[in-house]
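# Results of the structural survey
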Amino acid sequence: MTETMFTLPPSLYVPLLDLACGAFLLTGMMVLWRRDLAAIVRLFALQGIALAALIVVLGVYEQDVELVAVGLGVGALRAGLLPYLMRRALIAGGAGREVRPVVNVATSLLVAAVLAMLAYAVAQPLIRLSPTPATQAVPIALTVLLVGFFVLVTRRRALSQVVGFLLMDNAITMTAFLTTSGVPLVVELGISMDVLLAVLVFQVLTTRMRAAFGGTDLDELRELHD
Amino acid sequence: MNLVGTLFCTALAICALSALAGLATPTRLRLPLAGLGTAGAGALGTAAGLAALLGESWSAWLPELLPLAGVRLAIDPLAGLFLAVTGVVALCAAIYGIGYSRDGLDGRVVQAAAPLFVAAMLLVPAAASVSTFLVAWELMAITSLLLVVADHRHRSAVGEAGLWYGVMTHLGFVAILAGLLAFAAGAGGESFDQLRQAELSPALRGTVFLATVVGFASKAGIVPLHVWLPRAHPEAPSQISALMSAAMVNMGVYGIVRVGLDLLHGGPVWWWMVVLIAGAISALYGILQAAVSADLKRLLGHSTTENMGLVLIGVGAAGLFAAWGNAVLAALALTAALLHVVNHAGFKTLLFLAAGSVQRATGTRDLDQLGGLRTRMPYTTGLFAVGALCASALPPGNAFVSEWLLLQSLIHALPTSGVVGAVTMPLAVGVIALSAGLAVATFVKAFGIGFLAKPRGPEAARAAESPPAMLGGMALAACCCLVLALAPTAILPVLSHAVAVALPGPGAVTGEVSLHLAGISSVISPLLIAVALGVAVAGTLALTRVVATRRVRRAARLWDCGGGPMSARMEYTATSFAEPLQRVFDNVLAPESDVDVTPVKESAYLVESVRFRAKVPDRIERRLYEPVLSVLTFVGRGARHLATGSVHRYLAYGFWALTGALIMLAVFQ
C-alpha cells in the first residue's frame with residue numbers, strides 16, 4: 001500500500017504544514033475580530049478545513065492511510081456538520097451580532113497577542129523534547145486553545161460561546177496530532193461524538209433560551225443563581 | 001486461626017449480617033434480628049477480648065482487602081481489654097435497643113448503622129497498621145454520626161449536634177491522620193511493628209505525639225475539645241448514647257496509650273505533663289458543668305468528660321513515672337486508669353440506658369420537670385440508683401476502687417519525682433478529690449431530683465415502667481457494675497497483662513479479696529467495705545424499726561406554715577439544688593441570669609409579671625469557639641460575592657487560573 005502512495009518531499013511538506021497552521025491560527029484570531037455570528041460560523045468552518053488539511057498533510061508525509069482517513073473525517077465533522085448545525089440554530093434564532101462583548105474587539109486582539117506570546121513561552125520545553133517541524137507548530141495550537149478560552153469568557157451570545165468551546169477542542173485535537181501523530185482512532189471518534197453531542201445540546205438550548213428569555217445572552221441566566 | 005481470631009472474625013461477620021438484617025428485613029423482624037445480632041456480636045467480642053487478655057494473641061494480614069496497603073489486624077492484651085469493654089457495652093445496649101427502638105427509631109438506616117458502629121469499634125483496637133487504624137477510625141466516626149442524627153425529624157437540636165460532632169470528629173481525624181502519617185513516613189513503614197522499631201528524631205516524636213493526642217483527646221471529649229460531646233451524646237438515641245459515651249470515648253484513651261506508650265515507648269516529661277494537665281482540667285470542668293446541668297443526658301455527657309479526664313490523669317501520671325524511671329508506680333497509675341475506663345464504661349452504660357428509659361416514659365430529659373418516678377418506674381429507679389452510686393466514687397461503688405488506686409499512685413509519687421512532681425502531684429490529688437466530691441453532689445441531684453419526691457410535671461406523673469428488653473439491658477449493665485465494685489480482684493490480674501503491653505513489668509496490684517499494691521504498703525478490700533456497709537445499714541434499719549414501732553403511728557398533714565397544701569411547685573428543683581455550687585464556682589462558670597419585671601400600667605410600684613431566666617453557658621465554647629466561628633462566618637459571607645451567578649465570571653475564574661499557572665510555568669521553568 002505504501003509503495004503506491006504519493007510521497008511528500010520535505011521541501012514541500014514543511015511549507016504545506018506551515019500554511020495549514022497559519023490558516024488555523026488566522027481563522028482562530030479572526031473569530032475575535034468579527035462580530036457577525038454568521039461570519040464567526042464561517043470562520044470556524046474554515047478552521048475545520050485547515051485542521052483537516054493539516055492532518056492530511058501529516059498523514060501523507062508519514063504515509064499513513066488511516067491518518068489521512070481520520071483527517072478527512074475530522075474535516076467532514078468540523079468543516080461540514082458542525083457549521084451546518086450552528087447555521088441552522090442561527091437561522092432558527094434569527095441572525096444576530098455579538099453586540100456588546102465583555103472585552104471590546106481591539107482589546108481582545110491585543111490580549112490574543114499576549115496569549116500567543118505566553119503560548120510560545122510555555123511550549124518551548126515541549127519543542128525541545130523533539131524539534132521536528134510538526135512540534136514546532138505546537139505553540140499555534142496552544143495559542144488557539146487560549147484564544148478559544150478567551151472567547152468563552154468574553155463573548156455573550158450562546159453561539160459565540162459554543163464556537164469558543166469548539167476552538168478549544170480544535171486546538172486540543174491539533175496538539176494531539178502534532179505531538180503524537182494522532183491519538184488512537186477510537187479516542188478520536190469518542191471526542192468527535194462528544195463535540196457533536198455538545199453542539200446538538202447547544203442547538204436545543206438556544207431554542208429554549210430564546211423561548212424563555214427572548215435572547216441568547218448568557219448573562220440572562222444570572223437569575224438562576226441562588 | 002486461634003480462639004481469639006475465630007471469635008473476633010465471627011463477631012465481625014455477625015455485625016455485617018445484622019446490618020444486612022437491619023437493611024433488608026421488614027419492620028417487624030428488623031428490631032429483634034438486628035438487636036440480637038448486635039448483642040451476639042458484642043458477646044463474642046467480649047469473649048475474644050477476654051481470651052486475648054488471658055494471654056492468647058492473634059494477628060492477621062489480609063493484603064487484598066484494602067488497595068495499596070492491605071488490612072493488618074493484631075489483638076494483644078491491650079487491644080483485648082478495649083474489645084472486651086466495647087463488647088459488653090454493645091451487648092447491654094443492643095438488648096436494650098430492641099425495646100427502646102420501637103418508637104420511631106426502627107428505620108433501616110439506624111438499625112443497619114448500629115451493628116456497623118459496633119463492628120468499627122471492635123476493629124479500631126484490633127488494627128495493627130496505620131491505614132487499617134485510620135479506616136476503622138473513620139468508619140466509627142461516620143456510623144456514629146449517622147446514628148447521632150437518627151432522630152433529626154423530631155427535634156431540631158439534633159441537626160446542630162450532628163454538625164458539631166461531624167466537624168469536631170473530622171478535625172480530630174485530620175490531627176490523627178497527620179500525626180500517624182508523619183510517624184509512618186519517619187519509620188519507613190506503616191505496620192505497628194515497624195513503627196515500634198522506628199528511630200525518630202525527638203522533634204518528630206514530639207510532633208507525632210502532640211498531633212495524635214489532640215485527635216484522640218477530641219474523641220475522648222477532653223477540654224477544650226469537648227464541646228461536641230454534651231451536644232451529640234444526649235441527642236443520639238439512648239442506646240447509642242451509651243455506646244458512644246461508654247465505648248467510643250475509650251478509643252481516645254486507647255489511642256493515646258497505644259501511640260504514646262506502646263509505639264513511641266513513652267517520652268519526655270513534658271508530653272505527659274500535657275496529658276495530665278488536660279486530664280485535670282477536663283475532670284474539674286466536666287464535673288462542674290455536670291453539677292449545674294439540668295438536662296439529665298447532658299449531665300451524663302459532661303460526666304463523661306470528667307471521667308475521661310480522670311483516666312487521662314492516670315495515663316499522664318503513668319507516662320511521667322515511666323519518664324522518671326519509677327516502673328512500679330507507672331504500672332500502678334496505668335492500671336488505675338484502665339480500671340477506671342472499665343468502671344466508667346459499666347456505670348455510664350447503665351446511667352445512659354436508664355436516662356433513656358426516663359426520656360421514653362416521660363418525653364423529657366429536663367430534671368426540673370421530672371421527679372416521682374420511684375413509684376411509677378421502680379426498676380428503672382433502682383437501676384439508676386446503682387449507676388449513680390457507682391458514678392459518685394463512694395464505696396461500695398466501682399469508681400471508688402479505681403480512683404483510690406489512682407490516688408495511691410499519685411500520693412506515693414512524692415519522694416521520687418523531683419520539683420515538678422512535688423508541685424503537680426498534690427495538685428492532681430486535689431483535683432481528683434474535688435471532682436469526686438462534686439460527682440457525689442451531681443449524682444445525688446440526678447437521682448434525688450429526677451426520681452424521688454413528687455412529680456414536677458404532668459409528663460412525669462404519667463410515666464410507666466419500660467418493657468422487659470430495656471430492663472434486661474440495664475440489669476445486665478448493673479450486674480457488671482456490681483461485679484466490678486465487689487470483686488475488682490477478679491479482673492485486676494488480667495488487667496496487668498494489658499498494662500504490660502504498654503509498660504513491661506510485673507503486675508502492680510495483687511490479692512484475692514483485698515488489693516495489695518506492689519511496692520506500696522496500702523491495702524483495700526472493696527468486698528469487706530461493702531459487707532461492712534451492708535451490715536451497718538441493715539443494723540440501722542433494724543434499730544429504727546425497733547425504736548419506731550414502740551410509738552403509735554399518727555397520720556397528719558405535713559406542716560405547711562399555714563400556706564395551704566404543699567404543691568409540686570414548691571419542691572426543690574435541679575436548678576435550685578445546684579445553685580449553691582453555681583454560686584461557689586461563679587468565677588469559673590460565669591452563669592447568666594436575667595430578671596425582667598413588667599410593672600402594671602397605672603403604677604410603677606405594682607408588678608404585673610416577673611420573668612427570670614438563668615443559664616450556664618459553656619464558657620470555653622463562648623470564649624474559644626464563638627470568635628473562630630464568627631470569623632469563619634464572616635469569611636464565608638465574603639466568599640459569596642465570588643459567586644454572583646454570571647457564567648462569564650465563572651469562566652473567567654478558570655481562564656485566569658489557567659493563564660496564571662502558565663505564566664508561572666513560563667517564568668519559573
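Note that the structure is a prediction, hence the values are computed from the model and not measured.

### Some thoughts on the overall build of chain B
Helix and strand content of chain B: 25 helices and seven strands. Its C-alpha atoms give chain B a radius of gyration of 27 Å, near enough to 26 Å, the size a compact globule of 669 residues would have. Principal-axis analysis of the C-alpha atoms gives chain B an extent of 100 × 70 × 60 Å. In chain B, buried positions account for 52% of the 669 residues.

### Considerations on the overall build of chain A
Helix and strand content of chain A: eight helices and zero strands. Tracing chain A from N to C terminus, the helices and strands come up as α-α-α-α-α-α-α-α. Here chain A holds 226 residues, and 42% of them are scored as buried. Look at the contacts in chain A between residues 6 or more apart in sequence, and 72% of them connect residues 24 or more apart.

### Examining the environment of Arg462 of chain B
Checked against the element boundaries, Arg462 of chain B lands in the loop between helix H18 (458-461) and helix H19 (468-486). For Arg462 of chain B and Thr362 of chain B, which are 100 residues apart along the polypeptide, the C-alpha to C-alpha distance reads 7.1 Å.

### Thoughts on the sheet that holds strand S5 (residues 523-524) of chain B
Residues and elements named next belong to chain B. Spatial ordering of the open sheet is given by S3-S4-S5, a layout of three strands whose pairing is antiparallel. In this open sheet, the two edge strands, each paired with only one partner strand, are strand S3 (509-510) and S5. Taken together, the two bridges between strand S4 (residues 515-517) and S5 define a ladder with antiparallel strand orientation. By the bridge assignment, His516 is partnered in S5 with Val523.

### Quick look at the interface of chain B and chain A
Each side of the interface is counted separately: chain B has 15 residues, and chain A has 16 residues. Split into classes, the residues belonging to the side of chain B that touches chain A amount to nine nonpolar, six polar and no charged.

### Some words on the domain arrangement of chain B
The parts lose accessible area when they come together, and the size of an interface is often stated as this lost area. Partitioning chain B into structural domains gives domain 1 (270-540) and domain 2 (589-669). Computed from C-alpha coordinates alone, the two centres of domain 1 of chain B and domain 2 of chain B are separated by 39 Å.

### Some thoughts on the confidence of the model for chain B
All names here are of chain B. Confidence in the prediction for chain B averages 90 pLDDT; 99% of positions are at 70 or higher. Per-residue pLDDT, averaged within each element of chain B, yields its smallest value for S3 (80) and its largest for helix H8 (residues 202-220) (95). For this predicted complex, the interface score ipTM comes out at 0.84, alongside a pTM of 0.81.

### Digging into the pairing of strand S7 (residues 607-615) of chain B
All names here are of chain B. Along S7, only zero of the nine residues are buried, which leaves the element largely exposed. Sheet topology note: the strand S6 (residues 592-599)/S7 ladder contains eight bridges and is antiparallel. When the sheet's bridge partners are listed, Val597 is paired in S7 with Val610.

### Observations regarding helix H1 (residues 10-33) of chain A
For an α-helix the count is 3.6 residues per turn, leaving residues at separations of three or four pointing the same way. The terminal C-alpha atoms of H1 of chain A lie 34 Å apart, and with 24 residues this matches the ideal 34 Å at 1.5 Å per residue to within 8%. Of the surrounding elements, those touching the buried residues of H1 of chain A are helix H2 (37-61), helix H4 (105-129), helix H5 (133-136), helix H6 (138-154) and helix H7 (158-180) of chain A.

### Notes on the nonpolar core
Considering soluble globular proteins, one finds that nonpolar side chains tend to be buried as a cluster. Counting residues in hydrophobic clusters, the biggest one holds 227 residues, and the most contacted among them are Ala48, Val89, Leu243, Ala333, Leu334, Leu350 and Met474 of chain B. Sort the elements by how many residues they give to this core and helix H13 (residues 327-362) of chain B lands first, with 22 residues. If near-sequence neighbours (up to four positions away) are discounted, Ala333 of chain B is found in contact with Gly314, Ala317, Ala318, Phe321, Leu406 and Ser409 of chain B. With 68 residues, the next largest nonpolar core counts Leu37, Leu43, Ala119 and Leu142 of chain A among its residues.

### Thoughts on the confidence of the model for chain A
Taken residue by residue, chain A gives an average pLDDT of 83. The fraction at 70 or more is 89%. When mean pLDDT is taken per element in chain A, H6 of chain A scores highest with 92 and helix H8 (residues 185-213) of chain A scores lowest with 76.

### Structural notes on the environment of Ala322 of chain B
All names here are of chain B. Here Ala322 is to be found in helix H12 (residues 296-323). Distance in space between the C-alpha atoms of Ala322 and Gly346 is 29 Å, their sequence separation being 24 residues. Once you skip the residues sitting within four places of it in the chain, Ala322 turns out to touch Gly266, Ala327, Ala330 and Leu503.

### Re the packing of H13 of chain B against H19 of chain B
A pair of packed helices can be characterised by two numbers: the angle between their axes and the separation between those axes. All names here are of chain B. Packing of H13 against H19 brings their axes to within 9 Å, and their N-to-C directions diverge by 155 degrees. Between H13 and H19, the angle is such that the two are roughly antiparallel. Like other packed secondary-structure pairs, H13 and H19 cross with a definite hand, here left-handed. Facing Val342, Asn343, Gly346, Phe347, Thr349, Leu350, Leu353, Ala354 and Ser357 of H13, the residues of H19 in contact are Met470, Gly473, Met474, Ala477, Ala478, Cys480, Cys481 and Leu484.

### Topic: unusual backbone geometry
Residues and elements named next belong to chain B. For the peptide bond that leads from Val223 to Pro224, omega is 5 degrees, which places it in the cis range. Take Pro224: it is sitting in the loop between H8 and helix H9 (229-235). For the bond running from Pro395 to Pro396, omega is 5 degrees, close enough to zero to count as cis. Summarising the element assignment, Pro396 is placed in the loop between helix H15 (378-391) and helix H16 (398-411). The phi torsion at His265 lies on the positive side, around 55 degrees, for a residue other than glycine. Relative to the assigned elements, His265 resides in the loop between helix H10 (238-263) and helix H11 (269-292). In this structure His265 comes out as partly exposed when scored by C-beta crowding, with 14 C-beta atoms within 10 Å. Of note in this structure, Ala393 is not a glycine but carries a positive phi near 60 degrees. On the secondary structure map, Ala393 appears in the loop between H15 and H16.

What counts, and where the lines are drawn
- Residues numbered from 1 in each chain as written.
- Chains lettered and ligands numbered in written order.
- Predicted model: local features only at pLDDT ≥ 70, side-chain atom pairs only at ≥ 80, totals over all residues.
- Helix = DSSP H or I, 4+ residues; strand = E, 2+ residues; numbered from the N terminus.
- Rg over C-alpha atoms; globule rule 2.2 N^0.38 Å.
- Buried ≥ 20, exposed ≤ 12 C-beta atoms within 10 Å, placed from the backbone.
- Contact = placed C-beta atoms within 7 Å.
- Pairing = 2+ DSSP bridges.
- Nonpolar A, V, L, I, M, F, W, Y, C, P; charged D, E, K, R; others polar.
- Domains from an automatic or database assignment.
- pLDDT = per-residue confidence, 0-100.
- Expected span 1.5 Å × (residues − 1).
- Core = buried A, V, L, I, M, F, W, Y, C linked by C-beta atoms within 7 Å.
- Axes fitted to C-alpha atoms, helices over the stretch in contact; angles between N-to-C directions.
- Parallel < 35°, antiparallel > 145°, perpendicular 65-115°, else oblique.
- Left-handed = near helix turned anticlockwise from the far one by under 90°.

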